[in-house]
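Chain residues, written in single-letter form:
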2 protein chains.
Amino acid sequence: MESALEVLASSIARWIENGDRLETAVPGLSLFRRDEPTQPMSGMYEPSICVVAQGAKRVILGDDTFVYDAHHYLITSVHLPTVVQIIDANREKPFLGLSLKLDMGEISKMMVDSNLPAPRPQQSNRGMATGEVTLPLLNAFQRLVDLLADQKDVPILAPTIEREIVYRLLVGDQGARLRQIASAGSQSQQIGHVIEWLKRNFTHPLRIGDLAAKSGMSPSTFHHHFRSLTALSPLQYQKQLRLREARRLMLTDHLDAATASFRVGYESPSQFSREYSRLFGAPPLRDIAGLRQMTAVQTMNPARVLAAETA
Amino acid sequence: MESALEVLASSIARWIENGDRLETAVPGLSLFRRDEPTQPMSGMYEPSICVVAQGAKRVILGDDTFVYDAHHYLITSVHLPTVVQIIDANREKPFLGLSLKLDMGEISKMMVDSNLPAPRPQQSNRGMATGEVTLPLLNAFQRLVDLLADQKDVPILAPTIEREIVYRLLVGDQGARLRQIASAGSQSQQIGHVIEWLKRNFTHPLRIGDLAAKSGMSPSTFHHHFRSLTALSPLQYQKQLRLREARRLMLTDHLDAATASFRVGYESPSQFSREYSRLFGAPPLRDIAGLRQMTAVQTMNPARVLAAETA
DNA sequence: TGATTTATTGTCCGATCCTGCGAGGTCTTC
DNA sequence: GAAGACCTCGCAGGATCGGACAATAAATCA
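The notes below deal with the structure included here. Along each chain, the written sequence defines residue order, and numbers are assigned to residues from 1. Chain A is the first chain written and ligand 1 is the first ligand written, with later ones labelled in order. Only residues with pLDDT of at least 70 are given local features in this predicted model, and only at 80 or more are side-chain atom pairs given and counted; all residues enter the totals for whole chains, interfaces and linings. Note that the side-chain values use all heavy atoms of the structure and ignore hydrogens as well as water.

Topic: the interface of chain B and chain A
The criterion used for residue contact is that any of the two residues' heavy atoms lie within 4.5 Å. With 24 residues of chain B in contact, the opposing surface of chain A contributes 24 residues. In what follows, salt bridge is the name for a side-chain nitrogen of Lys or Arg lying within 4 Å of a carboxyl oxygen of Asp or Glu. At the boundary of chain B and chain A, one finds four salt bridges. Measuring nitrogen to oxygen at the nearest pair gives 3.3 Å for the salt bridge that ties Lys109 of chain A to Glu106 of chain B. Nitrogen and oxygen atoms within 3.5 Å of one another constitute a polar contact, given that in protein one can donate a hydrogen and the other can accept it, and given that sequence-neighbouring residues count only through two side-chain atoms. Applying the counting criterion to the chain B and chain A interface returns five residue pairs in polar contact (both at pLDDT 80 or more).

Listed below in structure tokens is the structure:
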């Protein structure tokens, strides 16, 4: 196990010398590297599995915090705004990890095809969980990373390996959680759809009645499930999407605060500013200035910082 | 609509001159033809969609009878032993139909991928239902049959057309039923798995408790759902599998009644004979003799008759 | 430096949202 | 067949949001 981790770590390190995120030639597979711990910063998780070869990372989602490291993967079933922090990394042993996007459709198909034990409790849970990394799982990821050396094999072999990974996750200790969100028709799955919709339409003002209807639940039930999955109310979730996007617009497109606020759906800059401060700790201009300075110190371009945050 | 049906009818007729079942080059697609009405005879349905271009057919499942014709398709979600009868066919306007196997995994994937409305009521229902044929659905089947003329296109085009068909079924009036059985983790889906297992292992003596455990329900709940889906108790279901297989063994492999009965799991030929009569109306030898005669009259080989029954 | 523009903070208000609770229904179990 | 678990729904009070307006602070430019 330990030696397998070392091999994976060096494989990852070989591909990502500096910079902290690399989209690889295997669709959906990203590599991560950090040479030192970071401050807590807001980040977005997508439906994916994250594995760490070296170091440790902390994710805060509402009241829960998840820590994952070389022996614990993090599995995420919907897009979730979180606060993330690398807590174990240094120049000799940098944080090295990878993430692989999950396709819920494929997972669902696999659940039906293989006679997996039924998930008795249908109740919603957090859209994120940590589980124990097993050696076979690690080996599968190793093979996936190895594919990068021989890219012509990717289209053929990657799907097979990914299916193996999904299977191992489904039968693993967090399989029930995954099954829940991938089960067509389950509440979690319906909420997942609403979240996808929100991600595309966050600039429109939103009526939660409509969202509830989309998910086929009453408003009150909808609220319950949404919160239990995301730790946020629907409106708070949308707000985070808006503010994050506004931050991106200001940072990379150099928009001023007012137009950014309009762009993401706010009609009053004052309200925008107020809520921005509450989320990011500082009002728009000051926050952006801080970020710019950070990137300047690290001699990194702003886009890269953003990439790290929208991982 | 009427003209579309005529076109489909002649397309089917072109491919199947005589004989009553034809497995086509499109995997899972079968064509059917009958030049005259039949007596009721026992038949097995598999997860599939059946469409009729001309004529009508009756299926009896427990207390329910389903009739389907040019304007009504029959959708089946699990393997079901039934009694079937062609009720509308003659030499001028023979019964012409087709069936397409359904892959529950694909259906499940599609349900997750497309934002389909949630199936509110989770209660189990019969594993079979009729629905109204729409023109787009008919057109899709027409295109599928047309593929038979250009077989090199099959691997590329057939899956697309089948996906369209599945989609139209999902949003059609019987979509909820389909969603239910395809929903990973739903009770119907669990029962479906058990049925698959039974089909492979019907020769072993069976313990209801084990089956129930397989489906993750208590024995009583399992019983309940099984019955509502199949109109049979698990034991009756298994019995039908055994007796049908015994009949096949005697008819095509020319086994004698005793060895056939042992082969399918019976330990006492007398018990076998008694239950055989009850299901098929006549004791083994007499029944087989009758079937042989029928096939002789129709100058068909026995295997073909059987094929009709295990449609 | 002063003028002008832009950003931030404050307060207020109406509308909407959010959460906890109890009733009612369904499914499960014994 | 009855008790029990689970889920959903609707409700009501309290919390929050988003916008309006105004005032102050900061930044930009002449």
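Don't stop here, the text continues.
Here we look at the protein's contact with DNA strand C
Any residue with a non-hydrogen atom lying within 4 Å of a molecule or strand is treated as near it. Not every one of the 26 residues close to DNA strand C is listed here, only the nearest: His223, Arg227 and Leu285 of chain A together with Ser218 and Thr221 of chain B. The side chain of Ser277 of chain A places a nitrogen or oxygen atom 3.4 Å from a phosphate oxygen of DNA strand C. Note that a phosphate oxygen of DNA strand C is positioned 3.3 Å from one of the backbone N or O atoms of Pro284 of chain A. Per element, the largest residue contribution to the surface near DNA strand C is four residues, and it comes from helix α11 (residues 269-280) of chain A. All amino acids are sorted into three groups, where Ala, Val, Leu, Ile, Met, Phe, Trp, Tyr, Cys and Pro are nonpolar, Asp, Glu, Lys and Arg are charged, and the leftover types, Gly among them, are polar. Taken together, the residues of the surface near DNA strand C break down into nine nonpolar, twelve polar and five charged. Only runs of H or I of at least four residues qualify as helices and only runs of E of at least two qualify as strands under DSSP, and these elements are numbered from the N terminus.

Some thoughts on the protein's contact with DNA strand D
All names here are of chain A. Not every one of the 17 residues close to DNA strand D is listed here, only the nearest: Gln187, Thr221, Lys239, Gln271 and Glu275. One of the backbone N or O atoms of Ser218 is found 2.9 Å from a phosphate oxygen in DNA strand D. Residue Glu267 places a main-chain N or O atom 3.3 Å away from a phosphate oxygen belonging to DNA strand D. Of all the elements in the fold, those that place two or more residues in the surface near DNA strand D are α8 (219-230), α9 (234-252) and α11. Of the residues assigned to the surface near DNA strand D, the class counts are three nonpolar, nine polar and five charged.

Considering the relation of the copies chain B and chain A
Least-squares superposition aligns the copies on the C-alpha atoms of those residues with pLDDT at or above 70 in both. Under the fitted operation, chain B is carried onto chain A by 0.2 Å of movement along the axis and a turn of 179°, and the coordinates agree to an RMSD of 0.1 Å. When the rotation and shift are considered jointly, the pair of chain copies conforms to a two-fold rotation axis. Across chain B, the rotation axis passes nearest the C-alpha of Lys109 of chain B, at a separation of 2.5 Å.

Quick notes on the side chain of Ser48 of chain A
Residues and elements named next belong to chain A. Note on placement: Ser48 falls in strand β4 (residues 48-54). Exposure classes here rest on a 1.4 Å probe applied to the protein chains alone. A residue is buried below 20% of its type maximum, exposed above 50%, and partly exposed in between. Residue classification places Ser48 among the buried residues on the basis of a relative accessible area of 3%. Among residues more than four places away in sequence, those in contact with Ser48 are Leu74, Ile75, Thr76, Leu100, Lys101 and Leu102.

Overview of the sheet that holds strand β9 (residues 95-101) of chain A
All names here are of chain A. Paired strands, in this sense, are two strands between which DSSP finds at least two bridges. On the basis of which strands lie adjacent, the open sheet formed by six strands has the order β1-β2-β9-β4-β7-β10 and antiparallel pairing. The open sheet is flanked by β1 (21-23) and β10 (128-132), the only strands paired with a single partner. Each adjacent strand pair in this sheet contributes to an overall mean axis angle of 20°, direction not counted. Inspection of the sheet shows strand β2 (residues 29-34) paired to β9 by six bridges, in the antiparallel sense. Residue pairing in the sheet places Arg33 in a bridge with Leu96 of β9. Helix α3 (residues 135-146) rests against β2, β4, β7 (72-76) and β9 of the sheet, and its axis sits at about 85° to β9. For helices, the fitted axis covers only the stretch in contact; all axes are lines through C-alpha atoms, and the angles between them, taken along N-to-C directions, range from 0 to 180 degrees.

With respect to the sheet that holds strand β3 (residues 41-45) of chain B
Residues and elements named next belong to chain B. Sheet architecture is open: four strands sit in the order β3-β8-β5-β6, paired in antiparallel fashion. Each edge of the open sheet is held by one strand with a lone partner, namely β3 and β6 (64-69). Pairs of neighbouring strands in the sheet enclose a mean axial angle of 35°, with direction left out of account. Contacts from helix α9 (residues 234-252) reach β3 and β8 (80-88) within the one sheet, and its direction differs from that of β3 by about 110°.

As for the environment of Pro205 of chain B
Residue and element names in this part refer to chain B. If you trace the backbone, Pro205 turns up in the loop between α6 (187-200) and α7 (208-215). Here the alpha-carbon distance between Pro205 and Gly265, two residues 60 residues apart in the chain, equals 7.2 Å. Other than its neighbours up to four places away in sequence, Pro205 contacts Gln238 and Arg242.

Quick look at unusual backbone geometry
Residues and elements named next belong to chain B. Positive phi is not limited to glycine here, since Ala231 has a value of about 65°. Within the element layout of this structure, Ala231 appears in the loop between α8 (219-230) and α9. Residue classification places Ala231 among the buried residues on the basis of a relative accessible area of 11%. Phi is positive for His254, close to 55°, though the residue is something other than glycine. Here His254 shows up in the loop between α9 and α10 (257-263). Residue class for His254 comes out exposed when judged on its relative accessible area of 56%.

Re α9 of chain A
Along an α-helix, a turn takes 3.6 residues, which lines up residues three or four apart on a common side. The terminal C-alpha atoms of α9 of chain A lie 27 Å apart, and with 19 residues this matches the ideal 27 Å at 1.5 Å per residue to within 8%. Just past α9 of chain A, the residue His254 of chain A takes up positive phi, approximately 55°. Expected span of a helix: the number of residues minus one, times 1.5 Å.

Observations concerning the pairing of β8 of chain B
As defined by bridge partners, β3 of chain B adjoins β8 of chain B across five bridges and the pair is classed as antiparallel. The residue bridging Met44 of chain B from the neighbouring strand is Pro81 of chain B, located in β8 of chain B.

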